[in-house]
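# Remarks on the overall topology
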Amino acid sequence: MKFQIEDVTVYFPYDHIYPEQYCYMIELKRTLDAKGHCLLEMPTGTGKTIALLSLITSYCLSKPQSPMKLIYCTRTVHEMEKTLAELKILHNYQIKHLGPQARILAIGLSSRKNLCVNPTVVAAENRDSVDAGCRKLTASWVRALASENPDVAMCEFFENYEKAASAAVLPPGVYTLQELRAFGKEKGWCPYFLARHMVQFANVVVYSYQYLLDPKVAGIISKEMQKESVVVFDEAHNIDNVCIEALSVSVRRQTLEGATRNLSRISQEIDRFKATDASILRAEYNRLVEGLALRGNLPITDNWLSNPALPDDILKEAVPGNIRRAEHFLHVLRRLVQYLSGRLDTENVEKESPVGFVASLSSHAGIDQKTLKFCYDRLHSLMLTLEITDTDEFLHIQTICDFATLVGTYGRGFSIIIEPFDERMPHIPDPVLQLSCHDASLAIKPVFDRFQSVLITSGTLSPIDLYPRLLNFHPVVSRSFTMSLTRDCICPMVLTRGSDQLPVSTKFDMRSDPGVVRNYGKLLLEMVSVVPDGIVCFFVSYSYMDGIINTWNDSGILKEIMLHKLVFIETQDVVETTLALDNYRRACDSGRGAVFFSVARGKVAEGIDFDRHYGRLVIMIGVPFQYTLSKILLARLEYLRDTFQIKEGDFLTFDALRQAAQCVGRVIRSKADYGMMIFADKRYSRHDKRSKLPSWILSHLQDANLNLSTDMALHIAREFLKKMAQPYDKTGSSDKKTLLSQEELEKLGDGSMHEMSY
Amino acid sequence: MNNGAGRRINGGAEEDDDEDDVNGDLDAWERTYTDERSWESLQEDESGMLRPIDNQALYHSQYRRRLRSLLSTAARIQKGLIRYLYIVIDLSRNALDLVDGYLNQIPSYGHREVLILYSALSTCDPGDIMDTIQKCRKSKIRCSVIGLAAEMFICKHLCQETGGTYSVALDESHFKELILEHAPPPPAIAEFAVANLIKMGFPQRAAEGSISICSCHKEAKVGAGYTCPRCKARACELPTECCVCGLTLVSSPHLARSYHHLFPIAPFDEVTSSHLNNPNCKLQRNCFGCQQSLLDPGNKPGPAVVCPKCKWYFCLDCDIYIHESLHNCPGCDSLRHS
């Protein structure tokens with residue numbers, strides 16, 4: 001359908017549109033008009049992605065003179081593919097209506113692991129080894145060598161791509177990763193480098209968060225994006241954590257041991273070069289005297305990681321004299337590693353600010369702040385000079401330099417925490433030194449500054465006023481939409497009491513109470529007997545899940561549950577969990593029914609959908625607070641309080657509730673779907689907790705369902721399931737339209753125009 | 001788990017005996033808070049007074065809705081009148097295999113159907129259920145499920161694959177309604193919708209007091225049986241298939257009764273009260289069926305319906321009786337005679 005939002009004609013590839021999609025588009029349009037940033041919450045299953053894509057592309061089409069570009073960031077490769085597939089439908093529709101002038105180029109960019117077509121390289125098991133495998137075949141010195149000696153292996157795809165030079169372009173169209181690979185195979189061009197080259201010409205680029213937020217990657221991939229771009233962060237409820245992780249480093253004993261090995265290997269290489277071709281080292285020295293600004297001219301294949309510090313904070317001056325020579329730099333690194341391993345030997349937990357750490361580093365190891373700052377670039381330069389291609393072997397020393405550069409650059413918003421053992425397992429020594437970033441706004445600031453519009457959107461962004469404070473920006477629009485439904489297909493309940501009317505909670509003083517554990521068990525047991533197909537049960541942590549399942553097993557509850565449904569458990573092992581999920585789905589399909597035990601904040605809670613019969617009920621046992629004794633969390637809370645005036649309690653509750661909302665949101669992925677959600681903890685009935693849930697859940701949470709015991713919940717569940725099994729009208733009754741056709745939309749548009757004019 | 005159930009030829013609305021034991025189980029079935037909330041069905045009229053609950057009118061309007069939905073699809077569709085229907089009460093998937101085995105042998109003019117009444121929320125199967133479903137689909141068995149508790153994916157999948165219907169009962173009356181929905185024959189499957197001559201026997205009822213060994217129960221019985229016209233074997237009930245020679249045994253009333261499925265009576269139109277006051281139709285103050293007055297106690301015109309063909313008026317009770325039991329319109333029939 002085709003309709004008008006103010007001065008923009010929107011092309012929407014479907015015949016009907018949800019009212020909330022329409023509102024969403026209006027808000028988006030205003031944001032784009034205002035050239036500002038925005039924050040929009042809309043539940044999953046309402047077609048957020050297509051609304052976003054169709055508005056922004058239509059907006060671009062209506063303003064052909066402005067070179068607007070859409071940068072769409074997703075969390076996973078799977079989401080990337082889904083987005084591109086949607087865009088493809090949209091693009092075909094636009095071409096049908098507008099003809100060839102609507103043509104755009106849209107590509108997805110991912111790591112070599114997902115894009116490489118060279119069978120020998122892509123066979124490697126992880127991302128780093130694929131990257132290294134690629135470099136072994138394509139680094140400039142390897143190719144130079146190969147031109148003299150035909151025995152040296154090269155990648156034919158890259159060679160063909162290089163040969164084609166400027167002729168190597170993608171014709172306009174929408175390319176998913178798979179199609180990109182197919183195109184590369186057909187032409188014999190390397191899809192990865194082709195995609196990287198085409199990023200600067202594409203109208204729509206879809207890639208992962210890291211490509212914008214992690215300065216190590218963003219410096220290479222995203223530096224050429226123009227200011228007029230619109231940046232979208234989809235599923236952005238955890239964006240603050242992504243920002244923090246991008247600037248955090250942790251160093252363990254293994255890292256230091258590996259770094260020591262790396263250093264001796266580097267020193268051998270240096271000796272070898274000295275013996276054979278000392279001029280190369282001298283040339284590097286001269287280059288360093290002139291400064292590091294030469295980076296930009298590196299061939300595309302040699303350019304793998306840039307500085308971990310943010311672009312504004314990188315010094316544009318020459319490398320300090322004491323690390324210009326390779327041997328000297330090596331000495332500095334050795335001293336640094338030695339100092340770090342000395343610090344790791346501590347018996348107590350230590351917390352230090354970067355400033356203090358740098359001071360003690362300079363007094364004990366004689367390394368000053370400026371030297372630290374240059375570590376990363378210096379290492380990069382040295383590895384290039386030494387023509388090292390197996391970069392995956394050198395990850396440890398890279399981590400150390402990463403750490404050094406960050407600690408040398410930032411004085412505020414970070415802290416260094418050394419823990420001799422994991423607090424939950426005090427008898428196993430596992431020292432770790434963490435440089436943790438507390439300020440999510442640091443990493444995202446360059447993005448806000450650089451781009452005209454940044455849209456942050458997700459199904460759960462409540463409370464929506466906290467995100468601008470955490471990320472330190474001023475949105476022009478921040479709104480939360482609810483879902484328009486033809487029937488009440490979600491049924492959230494707050495369960496506060498067990499079957500014996502005693503309160504249930506995972507509060508620290510209550511969680512191990514046998515009565516509470518039994519009540520939770522009884523709840524699940526009752527529910528498995530009335531809910532068909534799949535049930536998902538989220539626990540607050542792995543340790544709590546292990547404990548409670550053990551108790552259930554001992555008391556025979558687990559056995560009784562298994563009479564009704566099969567039980568599957570998420571573990572920290574990815575392969576095991578994938579297998580469990582597969583079998584869980586099979587059990588649901590075949591009618592046997594199954595329960596999946598999972599953990600809030602785990603992989604499953606973040607990325608796996610339990611839609612339709614795979615999840616008819618989700619039980620959130622407890623409030624998933626973070627581990628509040630964690631030193632890193634405490635440091636972050638303190639920083640948030642001092643800098644952004646966010647109270648500890650507020651932040652913890654916000655964080656716990658967004659995780660809970662994320663967990664329960666797994667069951668509803670579309671409007672035709674239905675599901676129940678049980679929040680099983682007495683603390684959910686308190687207003688301060690409950691009010692932080694997203695509005696689309698709150699609007700269905702009736703007052704009667706706020707303080708239930710197991711038997712009442714059971715009754716509600718029975719009724720709800722029967723009601724939902726009845727046939728229903730998808731378009732909604734006449735007074736409550738949930739699907740709008742073009743005429744209805746035009747009528748609505750007129751109506752709202754009138755309202756506005758009065 | 002699998003209480004297999006009887007086979008019916010030309011199975012009209014005769015499932016009641018099986019249904020009874022289910023209903024027996026359902027006595028305790030969901031006596032919940034809602035059942036007692038009679039106050040919620042109270043309604044206010046315009047002046048704010050409570051309106052008496054008119055169950056009669058409510059029932060009638062429900063019935064009319066059902067009638068309309070049934071007939072709207074029924075225009076001129078060939079229907080599979082000869083149905084081989086198994087009713088399975090609470091299935092295991094084993095039952096589906098069994099039914100498949102039984103139904104495979106029946107001739108192609110018969111419709112193979114399974115109606116599963118299901119209250120459990122899980123199933124456990126000896127083999128792969130998906131294969132079984134595909135098998136049923138291949139042998140054109142139409143599987144329908146009436147659930148009693150909640151929607152199950154596998155049941156829905158089964159019904160979708162085999163072209164059956166899936167419904168979940170809300171309460172007892174809804175359950176009855178859902179079962180009765182299965183009584184009218186479904187449209188014929190296209191591939192089998194060819195004209196077919198079927199050999200049938202019309203057995204005579206044996207004389208009272210005659211003793212013979214019945215072929216279905218293998219025991220001697222006194223009186224009340226039917227003798228196959230071809231092989232003279234004795235069967236206890238009709239309709240059935242002769243155990244000895246395999247002839248289909250029916251009685252003529254059975255055939256006659258199924259006739260109305262092919263040529264149903266058109267639903268009657270509702271008469272607006274203004275129409276009833278119209279002096280031109282003075283004659284029709286009474287129901288043509290029962291001759292009761294169509295007027296209210298207050299001498300105001302009450303609800304009535306009119307047959308679109310013969311234009312005679314009927315009261316609501318007669319309307320239901322004509323469509324559900326009689327299957328003949330007295331007005332049209334008398335017109336034909338005169």
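Scroll up to find the structure this text is about.
Residues numbered from 1 in each chain as written. Chains lettered and ligands numbered in written order. Predicted model: local features only at pLDDT ≥ 70, side-chain atom pairs only at ≥ 80, totals over all residues. Heavy atoms only, no water.

Chain B puts 22 residues into the contact, and the matching count from chain A is 23 residues. Taken together, the two surfaces of chain B and chain A that pack against each other cover about 1800 Å², and 55% of this comes from carbon and sulfur. It is L121, E151 and F153 of chain B in chain B that bury the most area against chain A; as a group they hold 33% of the surface buried on that side. Applying the counting rule to chain B against chain A returns 1 salt bridge. With a closest N to O distance of 3.3 Å, E151 of chain B and R616 of chain A form a salt bridge. Between chain B and chain A we count 6 residue pairs in polar contact (both at pLDDT 80 or more) in total. Residue assignment for the side of chain B that touches chain A shows that the elements contributing at least two residues are α4 (129-138) and α5 (153-162) of chain B. The residue inventory of the side of chain B that touches chain A, partitioned by class, reads 14 nonpolar, 5 polar and 3 charged. (Contact = heavy atoms within 4.5 Å. Buried area = accessible area lost by both parts, 1.4 Å probe. Salt bridge = Lys/Arg side-chain N within 4 Å of Asp/Glu carboxyl O. Polar contact = N/O pair within 3.5 Å; in protein donor to acceptor, adjacent residues only side chain to side chain. Helix = DSSP H or I, 4+ residues; strand = E, 2+ residues; numbered from the N terminus. Nonpolar A, V, L, I, M, F, W, Y, C, P; charged D, E, K, R; others polar.)

Next up on the list: a nonpolar patch on the surface. Residue and element names in this part refer to chain B. On the surface, Y259, L262 and F263 cluster together into a nonpolar patch covering about 310 Å² of accessible area. Residue placement: L262 occurs in helix α7 (residues 252-262). On the basis of relative accessibility, which here comes to 33%, the residue L262 falls in the partly exposed class. (Patch = residues over 30% accessible without salt bridge, like charges linked within 9 Å, V, L, I, M, F, W, Y side chains within 5 Å. Areas by Shrake-Rupley, 256 points an atom, 1.4 Å probe, with all protein chains shown as cover. Buried < 20%, exposed > 50% of the residue type's maximum accessible area, 1.4 Å probe, protein only.)

Let's shift gears to the environment of I89 of chain A. Residues and elements named next belong to chain A. Its location among the elements puts I89 in helix α3 (residues 77-98). For I89, a relative accessible area of 40% translates into the label partly exposed. Placed 26 residues apart in sequence, I89 and L115 show a C-alpha to C-alpha distance of 22 Å. Discounting residues that sit within four places of it in the chain, I89 has contacts with P13 and Y14.

In this section: the pattern of salt bridges. All chains considered together, the criterion is met by 45 salt bridges over all chains. Across the pair D500 of chain A and R518 of chain A runs a salt bridge, and its minimum N-O distance is 3.5 Å. Here D500 of chain A is found in the loop between β15 (490-497) and α22 (514-530), whereas its partner R518 of chain A is found in helix α22, with 18 residues between them in sequence. The partly exposed category is assigned to D500 of chain A, whose relative accessible area is 32%. Here R518 of chain A falls in the partly exposed class, since its relative accessible area comes to 41%. Where R142 of chain B meets E113 of chain B, a salt bridge forms, and the shortest distance between an N and an O atom there is 3.8 Å. Here E113 of chain B lies in strand β5 (residues 111-118) and R142 of chain B lies in strand β6 (residues 142-147), a separation of 29 residues in the sequence. What makes E113 of chain B buried here is its relative accessible area of 2%.

All names here are of chain A. Examined against the element boundaries, V206 turns out to sit in strand β7 (residues 204-208). Since its relative accessible area comes to 1%, V206 is described here as buried. Residues V206 and R253 lie 47 residues apart in sequence; the distance between their C-alpha atoms is 37 Å. Residues within four places of V206 in sequence aside, it is in contact with Y72, T74, M80, L84, I107, G108 and L109.

Residue and element names in this part refer to chain A. What the 4 strands build is an open sheet, ordered β9-β12-β11-β10; its pairing is antiparallel. Each of the sheet's edge strands pairs with one partner strand only, and the pair in question is β9 (249-252) and β10 (350-352). Direction aside, the axes of adjacent strands within the sheet are offset by 15 degrees on average. With 7 bridges joining them, strand β11 (residues 414-421) and strand β12 (residues 429-437) adopt antiparallel strand pairing. Residue pairing across strands places I416 opposite L435, the latter belonging to β12. In the packing of helix α19 (residues 395-409) onto the sheet, the strands contacted are β9, β11 and β12, and the crossing angle to β9 comes to about 130 degrees. (Pairing = 2+ DSSP bridges. Axes fitted to C-alpha atoms, helices over the stretch in contact; angles between N-to-C directions.)

This paragraph deals with the packing of aromatic side chains. Residues and elements named next belong to chain A. Tallied over the entire structure, the rule returns 31 aromatic pairs over all chains. Where Y24 meets F481, the ring centres are 5.7 Å apart and the plane angle is 55 degrees; that geometry is what we call tilted. One end of the pair, Y24, is in helix α1 (residues 19-34); the other, F481, is in the loop between β14 (475-480) and β15, with 457 residues separating them in the sequence. Among the residues examined, Y24 registers a relative accessible area of 1% and is labelled buried. With relative accessibility at 2%, the residue F481 sits in the buried group. Measuring from ring centre to ring centre gives 5.1 Å for Y207 and Y211, while their planes differ by 50 degrees; the resulting arrangement is tilted. In this pair, the class of Y207 matches that of Y211, namely buried. Here the aromatic cluster, defined as three or more aromatic residues joined through ring pairs, consists of F158, Y161, Y192 and F193. (Phe/Tyr/Trp six-rings, centres within 6.5 Å; stacked < 30°, edge-to-face > 60°.)

On to the sheet that holds strand β14 (residues 240-241) of chain B, then. Residues and elements named next belong to chain B. Taken together, the 3 strands give an open sheet; going across it, the order is β8-β15-β14, and neighbouring strands pair in mixed fashion. One side of each edge strand has no neighbouring strand; the edge strands of this open sheet are β8 (200-201) and β14. Taken together, the 2 bridges between β8 and strand β15 (residues 248-249) define a ladder with parallel strand orientation. Directly across from M200, in β15, lies its bridge partner T248.

In short, geometric facts, not functional conclusions.
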